Amino acid sequence: MARLHLLSLSLIVLSISYSSLSQGPPRPQLRANAQAFLDAHNNARAKVGVLPLKWSAILESNTSLVFQNQSGLRSCSFAKLSGTTYGVNLIWTTGPLVSPQEAVTSWVAANKYYNFAHNSCLSGQQCGGYTQVVWNESLELGCAQGLCADSALTICIYNPPGNTVGEKPY
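All values reported here derive from a predicted model rather than from experimental measurement.

### Considerations on the pairing of strand β2 (residues 87–93)
Okay, step 1: Among the seven residues of β2, five are classified as buried, and the element is accordingly described as predominantly covered.
Okay, step 2: Two elements, β2 and strand β6 (residues 152–159), share seven bridges in a ladder whose sense is antiparallel. Looking at β6, one finds that Val88 is bridged to Ile157.

### Quick word on the sheet that holds strand β5 (residues 140–147)
Okay, step 1: Pairing in this open sheet of four strands is mixed, and the strands run β1-β5-β6-β2 from one edge to the other. In this open sheet, the two strands that pair with only one neighbour each are β1 (54–55) and β2.
Okay, step 2: On the sheet, helix α2 (residues 32–47) packs against β1, β5 and β6 and is oriented at approximately 125° with respect to β5.

### Digging into the pattern of salt bridges
Okay, step 1: Tallied over the full model, the rule gives one salt bridge.
Okay, step 2: Salt-bridge contacts for Glu60 lead to Arg31; the nearest nitrogen and oxygen are separated by 2.1 Å. You can see Glu60 sitting in helix α3 (residues 57–74) and its partner Arg31 sitting in the loop between α1 (2–22) and α2, a full 29 residues away along the chain.
Okay, step 3: Arg31 sits in the partly exposed class, given a relative accessible area of 45%.

### Description of the state of the cysteines
Every disulfide links exactly two cysteines, by a covalent bond between their sulfur atoms.
Okay, step 1: Under the definition given, this model contains two disulfides.
Okay, step 2: Through a disulfide, Cys121 is tied to Cys127; the S-S separation comes to 2.0 Å. Between Cys121 and Cys127, the disulfide has an S-S torsion of 70° and is therefore right-handed.
Okay, step 3: Since its relative accessible area comes to 5%, Cys127 is described here as buried.

### Some details on the pairing of β5
Okay, step 1: Counting buried positions along β5 yields six of eight residues, so the element is predominantly enclosed.
Okay, step 2: Bridge count for β1 against β5 is two bridges, and the pairing is parallel. Counted as the bridge partner of Lys54 is Glu140 from β5.
Okay, step 3: One ladder, built from eight bridges, connects β5 with β6; its direction is antiparallel. Each bridged residue has a counterpart across the sheet, and for Gln145 the counterpart in β6 is Thr154.
Okay, step 4: With antiparallel pairing between neighbouring strands as the criterion, β5 and β6 make up a hairpin whose turn holds four residues.

Conventions we followed
For every chain, the first residue of the written sequence is number 1, and numbering continues from 1 onward in sequence order. With the structure being a predicted model, the display of local features is reserved for residues of pLDDT at least 70 and the display and counting of side-chain atom pairs for 80 or more, all residues being used for whole-chain, interface and lining totals. By convention in this description, side-chain values take in all heavy atoms of the structure and omit both hydrogens and water. With a 1.4 Å probe rolled over the protein chains alone, any residue whose accessible area is under 20% of its type maximum counts as buried; one over 50% counts as exposed, and the rest are partly exposed. Only runs of H or I of at least four residues qualify as helices and only runs of E of at least two qualify as strands under DSSP, and these elements are numbered from the N terminus. If DSSP finds at least two bridges between two strands, the strands pair. Residue contacts follow a heavy-atom distance rule, with two residues in contact if any of their heavy atoms lie within 4.5 Å. Inter-axis angles, ranging from 0 to 180 degrees, are taken between N-to-C directions of lines fitted to C-alpha atoms, where helices are fitted over the stretch in contact. We define a salt bridge as a contact between a side-chain nitrogen of Lys or Arg and a carboxyl oxygen of Asp or Glu at a distance within 4 Å. For the purposes of this analysis, a disulfide is any pair of cysteine sulfur atoms at a distance within 2.5 Å.

Rendered as structure tokens:
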């Protein structure tokens with residue numbers, strides 16, 4: 001009799017597990033900071049007709065590792081992140097952290113220098129932060145922020161990377 005109850009309990013658990021799988025895994029709720037980064041990016045992307053990014057916990061983790069390396073070796077200063085397979089945006093400030101909205105707004109502000117028709121940036125200006133935010137082929141985002149002794153660093157990583165030479169962002 002005990003074996004029959006155990007078998008019956010196993011079938012109930014299996015049935016519940018199967019019905020949960022058929023509905024897909026539960027979607028984790030993003031931390032407020034992550035959601036703020038995602039919303040700011042997706043608002044900018046919507047303005048140019050580009051599909052929204054999705055938050056990636058893997059990219060967030062990778063970005064945290066980049067921050068730890070930067071803060072440990074370079075006191076939060078800018079660094080050339082060559083050789084990465086991701087697109088990257090950075091903000092380094094002396095003082096407190098910027099909000100996710102302020103970080104993305106600063107990258108997007110370069111859109112005034114970007115000429116879509118010629119796929120170019122006004123001489124002497126930097127548009128790569130903007131074009132990475134709105135890069136059509138980038139699908140995932142992960143960001144991290146942190147404080148160092150006298151400065152702060154914000155890093156966002158994009159997968160796949162944008163800013164492919166000769167291609168328009170959207």
